[in-house]
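Fold and contact review
If you want the building blocks of each chain, they are given just below.
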Amino acid sequence: MENRQAVNLLQELAVPGRRATCFPPCDVPAVELNSLIPQEHLSEKLPELPEVAEGDIVRHYVSLSQRNMSVDTHFYPLGSCTMKYNPKRHERWANLSGLIDVHPLTDEAEMQGLLGILYEMQEMLAEIAGLPAVSLHPAAGAHGEFAALLTASAYFEAKGEHRTKVIFPASAHGTNPASASMAGYHCVQLKPSSTGFVNLEDLQQELGNDVAVFMITNPNTIGLFEKEILEITRMVHEAGGLVYIDGANMNAILGKTRPGDFGGDMMHYNIHKTFTGPHGAGGPGAGPIAVRDFLSDFLPGPVIEKVEHEPGKESFTLKTPRYSVGRLRSFLGNIGILLRGYFYIRTLGGKGLRQVAEHAVLNANYLLSQLKDVLEVPGGERCMHEFVASAKSWKQKGISAMDIAKRLLDYGFHAPTVYFPLVIPEAMMMEPTETESKQTLDHYVSAIKAILQEDPEYLHEAPYSTPVSRPDEVKAARNPILAWSPCDATKTCNATNPEEGAGASQTEAVSG
Ligand SMILES: Cc1ncc(COP(=O)(O)O)c(C=O)c1O
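This structure is a prediction, so every number in the text was calculated from the model and none was measured.

1. Here we look at the site of the ligand
Around the ligand, a shell composed of 14 residues is seen, among which S80, G141, A142, H173 and A248 lie nearest. Its residues assigned to classes, the shell around the ligand comprises four nonpolar, nine polar and one charged.

2. Some words on the sheet that holds strand β11 (residues 417-418)
Strand order in this open sheet of three strands is β10-β12-β11, and the pairing throughout is antiparallel. Whereas interior strands pair on both sides, the edge strands pair on one side only; in this sheet they are β10 (387-390) and β11. Bridge count between β10 and strand β12 (residues 427-430): four bridges; the pairing is antiparallel. Residue pairing across strands places S390 opposite A427, the latter belonging to β12. With respect to the sheet, helix α13 (residues 401-410) is in contact with β11 and β12, its orientation differing from that of β12 by roughly 40°.

3. Some details on the domain arrangement of the protein
What the domain assignment lists for the protein is domain 1 (10-66), domain 2 (75-85 + 131-297 + 351-466) and domain 3 (474-511). Computed over C-alpha atoms, the centres of domain 1 and domain 2 are 46 Å apart.

4. Topic: the sheet that holds strand β1 (residues 133-135)
Judged by pairing direction, the sheet is mixed, and its seven strands sit side by side in the order β1-β7-β6-β5-β4-β2-β3 without closing on themselves. Two strands in the sheet have a free side with no partner beyond their single neighbour: β1 and β3 (186-189). Sheet twist, expressed as the average angle between the axes of neighbouring strands with direction ignored, equals 20°. Note that strand β6 (residues 266-268) and strand β7 (residues 289-291) share three bridges and pair antiparallel. When the bridges of β7 are listed, M266 appears paired with V291. Running over the sheet, helix α5 (residues 112-129) touches β1, β6 and β7 and is turned about 125° from β1.

Reading guide: rules and limits
Residues numbered from 1 in each chain as written. Predicted model: local features only at pLDDT ≥ 70, side-chain atom pairs only at ≥ 80, totals over all residues. Near = placed C-beta within 6 Å. Nonpolar A, V, L, I, M, F, W, Y, C, P; charged D, E, K, R; others polar. Pairing = 2+ DSSP bridges. Helix = DSSP H or I, 4+ residues; strand = E, 2+ residues; numbered from the N terminus. Contact = placed C-beta atoms within 7 Å. Axes fitted to C-alpha atoms, helices over the stretch in contact; angles between N-to-C directions. Domains from an automatic or database assignment.

In structure tokens, the structure reads:
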């Protein structure tokens, strides 16, 4: 019989009368609740909380956590996501009481330490970007894109220019057109290019006085540094547009080159990727943006400013830029992730950050060199911090990129990103990051080679070792069943078909 402490919900594990906590007897006079809170705001019945013992709760969550793959448990080469190891000392520091216990409404004067750290973070991000003005507000990379595009709109409006288009290459991350369209722009995608690089003639054809922004990821999404980036940024500027650098791939160039130096006017960071905020499952992120001087007045605010009272005596204050596009996040942003990023940068320093980029690129090139004989790599034999392999030739033999990805889970590896970018058939985008050893990479290569020798029919049903095998991913994304409903004992729980199952199994299918 299966132990269902992990998959049953706490409501299902509950037994009336069980408790995780015993409160000591009250040592102050008891007061009637309705003498403190007006009767109309009081509920007539107690909330229906699950009644469970501490052991039930701990086993439930620990077992659940063991069903996940994570950077703490497995190699996680998910391309474009930079799933590097998150150092535990930064966790510890970000959880110091003086930082974590600051109430969001605390008076500025009472949180000078935290403001000082965030000011320094702004300064460090400006330096790494080569762009002087930073807003820490955006809560993720996509939010940063949106924030920067709003900033660009406000800038053009102030100049009296009516620019309506945003251009991006065919390999762009889906968030680029999504952000542009949310910011009210007309999206123009360049034709897919056979080399993986932006085709300058195609770009020239689209440029005109209606173009507001050209968005580009560099290194690009197939792991190549855009060789013509200086020419690209020159062309966009000549047409009066701004260049947005999607900074998701900063891990490859930290301390080597800067978006501001190769012509970018605005960029976002993914602090949770490049600077090791733990992330995954849509979880918390931070996507600060950095922009050129002439855009600083339009940034989302407030930003943090340093006030010099006299030499050596300074304080920090919140200031909303003059023509700010407004507030995009409550309070000061996702501070928890910003703090982890801050400690990461301070721990490594300039030299350490450069080494991060060097080792990330070295690891990716090693992996590429070990896999190129079994998987085609359309971008060539050299890459930056990641590369895209293609399982196209294996597809003809009945093995798809999805089969390989799913089977890798049985071998104890998280799958690479598959079917992105769309311009490469049967794409498998691999990003080992700098935190992996040669031994880990060698094991991963051996696993892929072993999988390619397996029976295609067997692979179609993989994975075999996970609680859920192949959920309907489109349905799980489009129609997630997020509300709990009690398990119907007359039906069998069916994890792959939520509609046939009940309660707990529905949640499983969605999260699988
Ligand atoms: C190239 C690129 N741009 C933008 C994003 C969006 O970042 P976020 O997931 O933090 O919103 C991603 C995320 O994977 C990405 O890979």
